[in-house]
Amino acid sequence: MNELFPDAKVVGLLYCSAEPNSKYQVDVITGYLTELGYECVEYTFADSNDVASVAQSACDGSDVIYIPTDNTAASCTEAIRNVVEPAQKPVIAGEEGICKGCGVATLSISYYDLGYATGEMAYEVLVNGADVATMNVAFAPNVTKEYNAELCDLLGVTVPEDYAAIQ
């Protein structure tokens, strides 16, 4: 967000209130964004019926929108895009699928690499008897800065060279 939209002041956090995973992500990202000087405003929808109207509110009240890895948002990217594109509001997405549908950029992980790391942890527990309660939390080993070339072109977003276009 800092790289692509350094002048943004208000970040709209758009997510489904029925998904605790999304609320957790929003709480975490809010801490980071606040430390960077952004004002964060939450825009929640209860189900897919509210997505378009809540996305419009987010567009009206934000400089840029962030969508976490939210299942409902992922299934409604077309509805979100139909709002954010005419409003000329960029979306930073929590994962590649949402970015491909309605976002301009994301920090993406390899689900293969994440699954591999999970398998290694399972091996430690099942074969070597590791105690899950004392194991370190493992993270995806690599992230890739990705962008949606079509939406970046439509919104006039200039992307640094170290970003990869989503295929």
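Quick notes on the rules
Residues numbered from 1 in each chain as written. Predicted model: local features only at pLDDT ≥ 70, side-chain atom pairs only at ≥ 80, totals over all residues. Heavy atoms only, no water. Salt bridge = Lys/Arg side-chain N within 4 Å of Asp/Glu carboxyl O. Helix = DSSP H or I, 4+ residues; strand = E, 2+ residues; numbered from the N terminus. Buried < 20%, exposed > 50% of the residue type's maximum accessible area, 1.4 Å probe, protein only. Core = buried A, V, L, I, M, F, W, Y, C linked by side-chain atoms within 4.5 Å. Contact = heavy atoms within 4.5 Å.

**Q** An account of the pattern of salt bridges is needed here, citing residue identities and associated values.
**A** Within the structure shown, the criterion is met by six salt bridges. Between R81 and E85 there is a salt bridge, with its nearest N and O atoms 2.8 Å apart. One end of the pair, R81, and the other, E85, are both in helix α4 (residues 77–87), four residues apart, so they sit about a helical turn from each other. The exposure class assigned to E85 is partly exposed, which follows from its relative accessible area of 25%. For E150, the salt bridge goes to R81, with nearest N and O atoms at 3.1 Å. Linking E150 in helix α7 (residues 149–155) with R81 in helix α4, this pair joins segments that are 69 residues apart in sequence. By relative accessible area, which is 48% here, E150 ends up partly exposed. Take R81: its relative accessible area is 14%, and that puts it in the buried class. Within this structure, E3, K145 and D162 form a network of salt bridges that share partners.

**Q** Break down the nonpolar core for me, citing the residues and quoting the values.
**A** Core analysis: the largest hydrophobic core is formed by 22 residues, its most contacted members being L14, F45, I65, I67, I80 and V84. Within the residue set of this core, elements represented by two or more residues are β1 (10–16), β2 (39–45), α2 (51–61), β3 (64–67), α4, β4 (91–93) and α5 (96–102). In terms of residue count, the dominant contributor to this core is α2 (five residues). If we skip the residues at most four places from it in the chain, L14 touches Y43, F45, V54, A55, I65, Y66, I67, P68 and I80.

Just geometry here; none of it tells us what the structure is for.
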